[in-house]
Amino acid sequence: MQISSLSSAAPAAAGTPQLSIDGLSVAHRTSPHNLLVSDVSLQLPPGGALGIVGESGSGKSLTCLSIMDLLPGALWQSAGSIRMNGAPLAPGRKGIRGRRIAMIFQDPGATMNPLRRIGPFLSGLVKLHRGLTGAAAEAEAVRLLDAVRMPAARERLRAYPHELSGGQNQRVMIAGALASDPEILLADEPTTALDVTTQAQILDLLAELRAERGMGLVLVSHDFGVIAEAADHVAVMRAGRVVEQAPANRLFSFPQHPYTASLLTSIPPELGRASVLTSRKSPPRNRPSNATKGIGIEARGLSRLFEARGRARVHALNGIDLTIQPGEMLGIVGESGCGKSTFGRLLVGLDKPSFGDIRADGKPLVTDDGEAFRNSRRRLQLVWQDPLSVLNPRLSIGYQIIEVLQTHRITDDTHSRMLELLQAVNLKAEHASRYAHQLSGGQRQRAVIARALAVEPQIVVFDEPVSALDLSVQAQVIEMIADIRNRFELTGIFISHDIRVVRYVSDRIAVMYLGRIVEIGPADDIYHTPKHPYTQALLSAVLSTDPKRRKSRSILRGDPPDPAQMPSGCPFHPRCPRAAARCRAETPALQAGADSRFTACHAVDVETSGRHWEVAA
Amino acid sequence: MIRFVFIRTIRAILTALTVVTTTFVVLRVTGDPVQSLLPVETTPPEIIELYRRLWNLDQPLWQQYVGYWQGIFHGTMGRSFVDGRDVVGIIAERIPITLELMGWTFVAMLAIGLPAGIAAALNRGSWIDRLVMAAAVAGHALPGYVMGILMIWLFAVELRWLPSSGYGTPQHLIMPVITLSTAYGAVIARFTRAAVLEVLGQPHVLAARSQGWAGRTIMRREVLPNAAIPLVTIIGLFLGGLIGGSVIVEWIFAWPGIGRLLVTSVSGRDLAIVQALVLLFSATMIFANLLVDLAYAFLNPAIRIRG
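What counts, and at which threshold
- Residues numbered from 1 in each chain as written.
- Chains lettered and ligands numbered in written order.
- Predicted model: local features only at pLDDT ≥ 70, side-chain atom pairs only at ≥ 80, totals over all residues.
- Helix = DSSP H or I, 4+ residues; strand = E, 2+ residues; numbered from the N terminus.
- Buried ≥ 20, exposed ≤ 12 C-beta atoms within 10 Å, placed from the backbone.
- Contact = placed C-beta atoms within 7 Å.
- Core = buried A, V, L, I, M, F, W, Y, C linked by C-beta atoms within 7 Å.
- Axes fitted to C-alpha atoms, helices over the stretch in contact; angles between N-to-C directions.
- Parallel < 35°, antiparallel > 145°, perpendicular 65-115°, else oblique.
- Left-handed = near helix turned anticlockwise from the far one by under 90°.
- Nonpolar A, V, L, I, M, F, W, Y, C, P; charged D, E, K, R; others polar.
- Pairing = 2+ DSSP bridges.
- pLDDT = per-residue confidence, 0-100.

Participant: Got a minute to help me understand the overall build of chain B in this structure?
Facilitator: Across its full length, chain B holds 14 helices and zero strands. Mapped in sequence order, the helices and strands of chain B form the string α-α-α-α-α-α-α-α-α-α-α-α-α-α. Along the three orthogonal principal directions, the C-alpha set of chain B runs to about 85 × 60 × 30 Å. The 307 residues of chain B split such that 31% are buried. When contacts within chain B are restricted to residue pairs at least 6 apart in sequence, those whose partners lie at least 24 apart make up 72%.

Pasting the structure below:
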């Protein structure tokens, strides 16, 4: 390892970066010329916030791990130096790791030892870094939980990670990082595994902590919105190199590098005018003609109960009434646990409703027995989030499609039909002989969609089809879905936590909260003029890179309640800024408004009807 | 937790009831034991009748079944068909002898398997890892009778260091314990390696390193307790299998335990003893499974709390 010589050990002069990376390269131990990070130089000014943004494989996380000397065993830092306040950091980072530089990670549930309670986790760190023991350490643990705005901090000490939500676990991880009062916090995709509303809470918390403590922040993310929200200096990485770095405002307003520019335009709100979509001005809203092959679906009183052992029954779905027109694409948004995926599984017959039914053209959509079952399966297809787990790793892509064609006796000329299907999803004939692991994430999802289309389905449920994909790939796959949906005349359900993505492909949007639809209407109307306070909060949690569009946000407090202990009245009232006495007592029903919009909210009812109710004392 | 323990215990009892009944049925449908015990052509019918009455084989099947259950509850399992001694007594005097062998085997297999597996995982890809894995394959692949006979030839016949067979002194234990624990220890080593590698790759280990913890603390607090959860399952199943797995080794080394008793009883058509031994083996297996379930719940807070 090359050690930068002659680094002055003099006290950091004003203007010396708090952290500086010079010419960092990371290579495989076995192939030293294959650089995963190549000549990266970055600087964090004292108390600043440096954002590193890039797609998967860009080397952003490896750069972050290099700061802590925590690269995976097969990799090593082949060149460059990393300094803190001008002094080079020694290998092993003794006295630095966890003490002067702390780090938080992507999936807070997985970064916590499942066998350790929160209390020992925090007081252990307090003891390690500050030498406090016993009651003093415990008091400090509570203080740390208070510092990360954890409600009921003292009671949390006895909780295990699996008893907390993702957002709460990330707060605990941040509390642990603060235990040593570090000078710099490294955050590697800290909100990627969280819901949008929780993401907004965590980003706000990080900003507040920075302001309170004068702590430097290095934030790694694939999401420009997150970076724009939290960083004041941004470096864009691609294939191991920094392609552009600039102050945040300048970078987002005037990107210099074409790669930055193309990434910025593939962010969903701008999809309509994205470079990949120059052929079309607005999202494809042209409803297919009446001759569509797609069928209409009618769900009535659809409920799904889960019996949790030793606990109350959980309503994953609670009386959903919904009509989907033939050839329509209905988008469903909501936070995790709102029931959107359960709804998708019911629609394709992977799960059965506890109450209510789903009909297509007046007949039950899914039947159980024999040949009828096979036929009903043919009409319904589901596309999952993670294509790698749904593709058979031991069969070629082409074979998997041909197998489907044969099973359902679609055609005799299976080979040419398979090639047509690959073409329809913009894959090449050569991909037919590949295996899943030989394809990129976007190509895999295209293959999954081609296989779903092989049975000539009438209804396709897309469950978070692009959430696992890189931004630039997301845009292409969304565009492809919009295209095949028209060409194959499908009735579609598009489920996502990202209302921007849903808006782009959907005709209508249904917003779900705790197993209910709280608002439904035409996609653009919901997006531009949300009426339900929950929809408004979801939209305000959407992060924009455009400083002009970054308005004051109304952040939801807390997490969705435990579905086993459903609040009385309107399920949203504990988090609702407009909650009144009536909301605690009465569950609002979906009420028709103007322009085929429906909203389940007492406050909205009053506005639309022009009446006022008296607030009960 | 209490609910979990309750459900698992009930389940174990139901399994035991099924096994007891199945044993009865299977051993009865394989034919009249008296006919296979006595030379039919030369035995006078009165003698056969006498034997049938002696073991209640003249009663209708349902009465035999009831009697069989009563025996189990009273701790009497009938008398040996061969020498007329009390079955429970015969087995009871053999159990400690087998337990002695199995206890040492259990200790030895863990003493070999756990450190070897952990060392292999921590030095993944190095010569240590390759050595351990090669030895594990060899140890697992070599059948007990081959290894036992090779050892007898080398240490007893050629070198004359150890007694070739029998029971009584610590020297008698060495070869049977090595034979058994090599095979089991090899499997434990492989499972340990896999379990430790699995945990080492988890984000919470990386997070603990980023928090500044020393390597040894991370092993003790993050890696080993989490790797222990799947290992306890495997080890518990071995515990149940050890009792039944004694048959070959006890025969080779003339170890007078229940494994050897089973072989002699089967070849001597001693139905009463075979029946009691099958129940004993099943009971230990069921009990070991129950222990695994309970240990699993105790180790894993996600089950412990919801239970």
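Participant: Honestly, the overall build of chain A in this entry has me stumped. Any pointers?
Facilitator: A tally of helices and strands in chain A yields 21 helices and 22 strands. Residues classed as buried in chain A amount to 49% of the 617 residues present. In chain A, of all internal contacts separated by at least 6 residues, the share reaching a separation of at least 24 is 67%.

Participant: In this structure, what is going on with unusual backbone geometry? I would like to understand it.
Facilitator: Trans peptide bonds make up the majority, and among non-glycine residues the majority have a negative phi. Residue and element names in this part refer to chain A. With a phi close to 55°, Asp-69 is a non-glycine residue in the positive phi region. By the element assignment, Asp-69 lies in the loop between helix 1 (60-67) and strand 4 (75-84). C-beta crowding within 10 Å serves as the criterion here: with 18 such atoms nearby, Asp-69 is assigned to the partly exposed category. Despite not being glycine, Glu-189 shows a phi value in the positive range, around 50°. The topology assignment puts Glu-189 in the loop between strand 7 (184-188) and helix 6 (196-213).

Participant: Can you walk me through the nonpolar core in this structure?
Facilitator: Where a protein is soluble and globular, its nonpolar side chains tend to be buried together. By size, the foremost hydrophobic cluster in this structure holds 232 residues, and its most contacted members are Leu-186, Val-218, Ala-450, Val-511 and Ile-517 of chain A. Not counting residues within four places of it along the chain, the set of residues in contact with Ala-450 of chain A comprises Ile-401, Leu-421, Leu-422, Ala-424, Val-425 and Leu-427 of chain A.

Participant: Sorry if this is basic, but what is going on with the packing of helix 2 (residues 118-130) of chain A against helix 3 (residues 134-147) of chain A here?
Facilitator: Angle between the axes and distance between the axes are the two parameters that describe a pair of packed helices. Residues and elements named next belong to chain A. Where helix 2 meets helix 3, the closest approach of the two axes is 8 Å, and the angle between their N-to-C directions is 110°. Here helix 2 lies roughly perpendicular to helix 3, going by the angle between them. Across from Gly-119, Leu-122, Ser-123, Val-126 and Lys-127 in helix 2, the residues of helix 3 making contact are Ala-137, Glu-138, Glu-140, Ala-141 and Leu-144.

Participant: Looking at this model, I keep getting lost on the interface of chain A and chain B. Mind explaining?
Facilitator: How big an interface is tends to be stated in terms of accessible area lost as the parts join. Each side of the interface is counted separately: chain A has 22 residues, and chain B has 17 residues. If one sorts the elements of the side of chain A that touches chain B by residue count, helix 2 of chain A sits on top with three residues.

Participant: Hey, could you run me through the packing of helix 13 (residues 397-407) of chain A against helix 14 (residues 414-424) of chain A in this one?
Facilitator: All names here are of chain A. In the contact formed by helix 13 and helix 14, the axes pass within 9 Å of each other and the chain directions differ by 120°. On the basis of the axis angle, helix 13 is oblique to helix 14. Where helix 13 crosses over helix 14, the two elements pack in a sense that is right-handed. Judged by residue contacts, Gly-398, Ile-401, Ile-402, Leu-405 and Gln-406 of helix 13 engage Thr-414, His-415, Arg-417, Met-418 and Leu-421 from helix 14. Looking at side-chain class alone, the contact of helix 13 with helix 14 contains five nonpolar, four polar and one charged residues.

Participant: What's the story with helix 12 (residues 258-267) of chain B in this structure? I'm lost.
Facilitator: Along an α-helix, a turn takes 3.6 residues, which lines up residues three or four apart on a common side. Residues of helix 12 of chain B that are buried: Ile-258, Gly-259, Arg-260, Leu-261, Leu-262 and Ser-265 of chain B. Looking at the buried side of helix 12 of chain B, the elements it contacts are helix 5 (87-122), helix 11 (246-252) and helix 13 (271-299) of chain B.

Participant: Sorry, what's going on with the pairing of strand 1 (residues 19-28) of chain A here?
Facilitator: Every other side chain in a regular strand lies on the same face of the sheet, so the side chains alternate between the two faces. Residues and elements named next belong to chain A. Strand direction decides the pairing type here: strand 1 and strand 2 (residues 35-44), joined by six bridges, are antiparallel. Note that in strand 2 the partner of Ala-27 across the bridge is Leu-35. Turn length for the strand 1-strand 2 hairpin, with the two strands adjacent in sequence and antiparallel, is six residues. Judged from the eight bridges that link them, strand 1 and strand 4 form a sheet pairing that is antiparallel. Following the sheet pairing, His-28 is matched in strand 4 by Leu-75.

Participant: What am I meant to see in the sheet that holds strand 17 (residues 459-463) of chain A here?
Facilitator: Neighbouring strands of a sheet are bound in pairs by backbone hydrogen bonds; such pairs are parallel or else antiparallel. Residues and elements named next belong to chain A. If you trace the eight strands from one edge of the open sheet to the other, you get 16-17-18-13-19-20-22-21, paired in mixed fashion. Across the chains shown, the open sheet's two edge strands, defined by having one partner strand only, are strand 16 (380-383) and strand 21 (591-592). Here strand 20 (residues 516-522) runs beside strand 22 (residues 598-599); their pairing, made up of two bridges, is antiparallel. Note on strand 22: the bridge partner recorded for Glu-519 is Thr-599. The sheet contacts of helix 19 (residues 533-540) involve strand 13 (329-333), strand 19 (508-513) and strand 20, and relative to strand 19 the element is tilted by about 100°.

Participant: What is the right way to read the environment of Ala-594 of chain A from this model?
Facilitator: Along the chain, Ala-594 of chain A falls in the loop between strand 21 and strand 22. Taking the C-alpha atoms as reference points, Ala-594 of chain A and Ala-424 of chain A, separated by 170 residues in sequence, lie 38 Å from one another.

Participant: Can you walk me through the sheet that holds strand 2 of chain A in this structure?
Facilitator: All names here are of chain A. With antiparallel pairing, four strands are arranged side by side in an open sheet as 2-1-4-5. Taken across any chain shown, the strands that pair with only one partner, and hence form the sheet edges, are strand 2 and strand 5 (87-88). Packing of helix 1 onto the sheet brings it into contact with strand 1, strand 2 and strand 4, and relative to strand 1 it is tilted by some 115°.

Participant: Mind showing me how you'd approach the confidence of the model for chain A here?
Facilitator: The predicted coordinates of low-pLDDT regions are not to be read in fine detail. Residue and element names in this part refer to chain A. When pLDDT is averaged along chain A, the result is 84; 88% of the residues meet or exceed 70. Below pLDDT 50 for its whole length, residues 1-13 participates in 15 contacts with residues either more than four positions away or in separate chains. Predicted confidence for residues 269-291 stays below pLDDT 50, and this span has 30 contacts to residues more than four positions away or in other chains.

Participant: Help me understand the environment of Val-348 of chain A in this model?
Facilitator: Residue and element names in this part refer to chain A. Relative to the assigned elements, Val-348 resides in the loop between helix 10 (340-347) and strand 14 (355-360). Measuring from C-alpha to C-alpha, the distance between Val-348 and Leu-380 comes to 5.3 Å, with 32 residues separating the pair along the chain. Setting aside residues no more than four positions away along its own chain, Val-348 makes contact with Leu-380, Gln-381, Leu-382 and Val-461.

Participant: Mind showing me how you'd approach the confidence of the model for chain B here?
Facilitator: Residues and elements named next belong to chain B. Averaged over chain B, the pLDDT score is 85; the fraction of residues at 70 or greater is 96%. Mean pLDDT across the elements of chain B ranges from a minimum in helix 14 (residues 301-306), with 64, to a maximum in helix 9 (residues 203-210), with 94. Interface confidence in the predicted complex, given as ipTM, is 0.78; pTM for the same model is 0.81.

Participant: Please explain the environment of Gly-185 of chain B as it appears in this structure.
Facilitator: Residues and elements named next belong to chain B. Inspection of the secondary structure puts Gly-185 in helix 8 (residues 170-200). Under the C-beta neighbour-count criterion, Gly-185 is labelled buried, with 26 such atoms within 10 Å. For the pair Gly-185 and Leu-206, spaced 21 residues apart in sequence, the C-alpha to C-alpha distance is 30 Å. When sequence neighbours within four positions are dropped, the list of residues in contact with Gly-185 reads Ala-108, Met-109, Ile-112, Gly-113 and Gly-139.

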